[in-house]
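Summary of the model geometry
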Amino acid sequence: MMYWRDGCEFVNHPISGNLAVDGGAPVIARQFAVRNTMGPEEEQAAVEVIRSGVLSRFQGSAGDDFLGGPQVRAFEEEWADYFGVRYAISVNSWTSGLISIVGALGVEPGDEVLVTPWTMSASATAILQWNAIPVFVDIDRASFCLDPSLLEQHITPRTRAIMSVDIFGQSASMEAINTIAAKHNLSVISDCAQAPGAWRNGRRAGTLGTIGGYSLNYHKHVHTGEGGMIVTDDPDLALRAQLIRNHGEAVVDAMGVTAINNIVGFNFRLGEIEAAIGRCQLRRLESQTSRRTELAEMINEGLGDLMGLQTPQVTPGNDHVYYMYGLQVDPEALGVTRDWLYRALTAEGVQGLARQYTNIHRLPMYTQRTAFGSKGFPWTLQKSDAPASYGLGACPVAEDLQERTYLGLELCSFAYTDDDITDTVNAFRKVWLHIGATN
Ligand SMILES: *Cc1c(COP(=O)(O)O)cnc(C)c1O
């Protein structure tokens, strides 16, 4: 069995001998460098804002400063241009963005929103924040995104929206989701936190629903430390999101807004320093995503022939920007458990390996129905069987991935060099060689 080489020599690497988990020398003995997308442009931009003294110009009152200062506005304009949408609304986190969106859509207490369990917990808590009920719908095993064929069986008279998440870096099947939404008069929220810059059928991921957006937190492809960006073509939703972002209840009168349902405002405003940095980061998005794609292609090539290991599947119409590199293992074919593989690979020095992602529907807040207060609110608002989606077995694909078959590489965490990838691949190959699962 040959180790994988990509123009590199392996003379320095202990590729034979015992597995590190059994006391052998690990393939990788160094720490990979942490990813850092900040450069001199960001530094200069931040310094200029600091020198101006105006670190935020938002005011929670009607008038010129209701929509923020010059950096915030320029950042939003540039983002809207780049993503081909009419409105981009910056927020201090994507969690804030999701909360703003669910509120802007006019979701009522007790309404239901369909959402995937295979996402970051904020996707679902944004629904709960408006006292609405998240109903979890299982994912498609190939893409890890919502399975559109399962949506309709969960739609009830209380369903108001579908929240689709472009998890790991590729878009969900938005055409199918939009078709079902249109048939049932539902809004579609696109949580594209992990896939900025990805395309689906010639359009930008994140812009394919009624309203959507991106996270700008530290781990995402481009970031402002903390931050987020809402995108939509709908002027009414854009205004409502702006109102929720900035104490809208205090300005509706002066602004002549009469539809004040859910205009319970927050302070979700992004600072000028972050916005100035974000403008520089936007210019780096393409190079970040293309490098990520390149890394994934190298890993695909290196792992593609290993038995019992499924590399990421890019579903038709998509390209993939690989926030995570999501693998699936076949414990029966391999004769070892996923958790044993995790330990063996980690012992070989593989970094950023994750053996689980998430099953939000199984969080204690849902299974115990204890969110706001201790008496079951907001589930007490309705009598439907929505909480059935919190039971074991409600989302069998997500549960199987979580318990037995998922392994992920957090490509978002490191500034991988080609050598880092080569060695990571060889760590996998060494383990697979030892369990006799290579061709
Ligand atoms: C990161 C992330 C969020 C939350 O974004 P923040 O900016 O950290 O609040 C929401 N959904 C998904 C899928 C994410 O990956």
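Anything mentioned here points back to the structure above.
Residues numbered from 1 in each chain as written. Predicted model: local features only at pLDDT ≥ 70, side-chain atom pairs only at ≥ 80, totals over all residues. Heavy atoms only, no water.

**Side note on the overall build of the protein**
The following threshold applies: Secondary structure elements are taken from DSSP: a helix is a run of H or I of four residues or more, a strand is a run of E of two residues or more, and numbering for both begins at the N terminus. Radius of gyration here is computed from C-alpha atoms only, and the compact-globule reference equals 2.2 Å multiplied by the residue count raised to the power 0.38. For each residue, the accessible area found with a 1.4 Å probe, counting protein chains only, is set against the maximum for its type, and the residue is called buried under 20%, exposed over 50%, and partly exposed in between. What makes two residues a contact is simply this: any of their non-hydrogen atoms within 4.5 Å. Each accessible area is a Shrake-Rupley result for a 1.4 Å probe, and residues are judged covered by the shown protein chains and nothing else. Under the convention used here, Asp and Glu are negative, Lys and Arg are positive, and both His and the chain ends fall outside the count. Throughout, a charge is located at the NZ atom of Lys, the CZ atom of Arg, the CG atom of Asp or the CD atom of Glu.
Regarding its fold elements, the protein presents 13 helices and 13 strands. The globule rule puts the C-alpha radius of gyration for 439 residues at 22 Å, and the 23 Å found for the protein is close to it. Counting every position in the protein, which comprises 439 residues, the buried fraction comes to 57%. In the protein, the share of contacts with a sequence separation of at least 24, taken over all contacts with a separation of at least 6, comes to 72%. Carbon together with sulfur atoms contributes 50% to the accessible area of the protein, which is approximately 17,400 Å² in total. A gap of 4 Å separates the mean positions of the 33 positive and 50 negative side-chain charges of the protein.

**Quick look at the sheet that holds strand S1 (residues 87-91)**
Applicable threshold: Whether two strands pair depends on DSSP finding at least two bridges between them. Axes, fitted as lines to C-alpha atoms, cover a helix only where it is in contact. Angles between the N-to-C directions of the axes lie from 0 to 180 degrees.
With mixed pairing, the seven strands of this open sheet are ordered in space as S1-S9-S8-S5-S4-S2-S3. Only two strands of the sheet have a single partner each, and these edge strands are S1 and strand S3 (133-136). For this sheet the average axis-to-axis angle between neighbouring strands, irrespective of direction, equals 25°. Here strand S5 (residues 187-191) runs beside strand S8 (residues 211-215); their pairing, made up of three bridges, is parallel. Considered in S8, the bridge of serine 190 is made with glycine 212.

**Looking at the side chain of serine 190**
One can find serine 190 in strand S5. The class of serine 190 is buried, set by a relative accessible area of 1%.

**Notes on helix H3 (residues 94-104)**
We apply this condition: Distance and chemistry together define a polar contact, namely a pair of N or O atoms within 3.5 Å, with one atom able to donate a hydrogen and the other to accept it when in protein, and with adjacent residues in sequence counting only for side-chain atoms on both sides.
For H3, the tally of buried residues reaches ten of eleven residues, placing the bulk of the element in the interior. Along H3, the residues that are buried comprise Trp94, Ser96, Gly97, Leu98, Ile99, Ser100, Ile101, Val102, Gly103 and Ala104. At the N-terminal boundary of H3, the capping side chain belongs to serine 93, with an oxygen 3.3 Å from the backbone nitrogen of threonine 95. Where H3 terminates, the next one or two residues include glycine 106, which has phi positive at roughly 75°.

**Topic: the environment of leucine 306**
Among the secondary structure elements, leucine 306 is positioned in the loop between helix H8 (272-303) and strand S10 (309-310). Residues leucine 306 and leucine 433, spaced 127 residues apart in sequence, show a C-alpha to C-alpha distance of 9.2 Å.

**A few points about the site of the ligand**
Going by this rule: Residues are counted as near a molecule or strand when any one of their heavy atoms sits within 4 Å of it. Just so you know the grouping, Ala, Val, Leu, Ile, Met, Phe, Trp, Tyr, Cys and Pro go in nonpolar, Asp, Glu, Lys and Arg go in charged, and all remaining residues, Gly too, go in polar.
Near the ligand you find 14 residues, and of these Thr95, Asp191, Ser215, Asn217 and Lys220 are the closest. The separation between an oxygen atom of the ligand and a polar side-chain atom of lysine 220 is 3.0 Å. Computed on the free molecule, the ligand has an accessible area of 380 Å², of which 94% lies beneath the protein chains in the complex. Grouping the amino acids of the shell around the ligand by side-chain chemistry returns four nonpolar, eight polar and two charged.

**What about the state of the cysteines?**
As a reminder, the rule being used: Whenever a pair of cysteine sulfur atoms sits within 2.5 Å, that pair is classed as a disulfide.
This model, assessed by the stated rule, comprises zero disulfides. Distance from the sulfur of cysteine 145, which forms no disulfide, to the nearest cysteine sulfur (cysteine 192) is 9.6 Å. For cysteine 395, which is in no disulfide, the shortest distance to another cysteine sulfur is to cysteine 145 and amounts to 14 Å.

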